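Spelled out, the chains give:
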Amino acid sequence: MTSLDRVFRLNPAAQLRVESVSPDCPLLVVDQVYEDPDAVRQLALHGSFDSSLAYYPGLHSKIPAQALVPLYEQLGELLGRLGTPGLLPEHFTSDFSIVTTPAAEMLANQKHPHIDGLLIAGVVYLSPQLEIGTCLFRHLPSGKAMLRDEAEMQAYSDWLRAHGEATQPHSYAVEQDGVWERLHTVAGRYNRLVMYPGNA
């Protein structure tokens, strides 16, 4: 194990719980997830951040894939025990990300809630000053909180093209504005991991 591998070691004393947005939309929340979160944060702060991917309102920095294999093995084992078996390191991907675009300068598609299009999505929060976290929403025009197949994803994409600009929220986070209803919020506490269905 290299020193870089050890940076991402999970904390054996981490605190785990499952929150429920709906019967088929659980959220896994792990507090104190990294053994040395300051080391992970320092690695992130020294990353080489480049342009945004897709509509993400910020920048990304790659993490050497090999350094994350031990972490992915542990996450695969954990998720298997929670009912999602068969996840191998090659099924995971990650990077360091930082939001750099002020809400007032975001595009309409960046303000509307999005889906990740993955089996499971997740984030570890590494800012000790901010607790802006993850929110899950219901799209009121369609009544959907999860997009379950290609037809539903296409229908939402069509709606966004037709109505997204005119109905864009004032900022990225909304409570209820006639288009979106916030169903659940997880605060972005330092060294917290949250994972959720990627189609929520």
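As a starting point, this report considers the structure included with it. Keep in mind that what you see is a predicted model, and the values were worked out from it rather than measured.

Regarding the overall build of the protein chain
Each helix and strand counted, the protein chain has five helices and eight strands in total. Going from N to C terminus, the protein chain has its helices and strands arranged as α-β-β-α-β-α-β-α-β-β-α-β-β. The globule rule puts the C-alpha radius of gyration for 200 residues at 16 Å, and the 17 Å found for the protein chain is close to it. By its C-alpha atoms, the protein chain is 50 × 35 × 25 Å across when sized along the principal axes. Counting across all 200 residues of the protein chain, residues that qualify as buried make up 34%.

As for a nonpolar patch on the surface
On the surface, Leu-16, Val-18 and Leu-82 cluster together into a nonpolar patch covering about 260 Å² of accessible area. Its location among the elements puts Leu-82 in the loop between helix H3 (65-81) and strand S4 (95-99). Overall, Leu-82 belongs to the partly exposed group, its relative accessible area being 44%.

Some points on helix H5 (residues 150-163)
In this model, H5 (14 residues) spans 20 Å end to end at C-alpha, consistent with the 20 Å of a helix rising 1.5 Å per residue. Within the sequence span of H5, burial applies to Glu-152, Tyr-156, Trp-159 and Leu-160. Burial along H5 is one-sided: seen end-on, the buried residues are contained in an arc of 100°. Across H5 from its buried face, at more than 90 degrees, point the exposed residues Glu-150, Ala-151, Arg-161 and Ala-162. The distance from a side-chain oxygen at the start of H5 to the backbone nitrogen of Ala-151 is 3.2 Å, and the residue carrying that oxygen is Asp-149.

Procedures and definitions
- Residues numbered from 1 in each chain as written.
- Predicted model: local features only at pLDDT ≥ 70, side-chain atom pairs only at ≥ 80, totals over all residues.
- Heavy atoms only, no water.
- Helix = DSSP H or I, 4+ residues; strand = E, 2+ residues; numbered from the N terminus.
- Rg over C-alpha atoms; globule rule 2.2 N^0.38 Å.
- Buried < 20%, exposed > 50% of the residue type's maximum accessible area, 1.4 Å probe, protein only.
- Patch = residues over 30% accessible without salt bridge, like charges linked within 9 Å, V, L, I, M, F, W, Y side chains within 5 Å.
- Areas by Shrake-Rupley, 256 points an atom, 1.4 Å probe, with all protein chains shown as cover.
- Salt bridge = Lys/Arg side-chain N within 4 Å of Asp/Glu carboxyl O.
- Expected span 1.5 Å × (residues − 1).
- Arc of directions from axis to C-beta.
- Polar contact = N/O pair within 3.5 Å; in protein donor to acceptor, adjacent residues only side chain to side chain.

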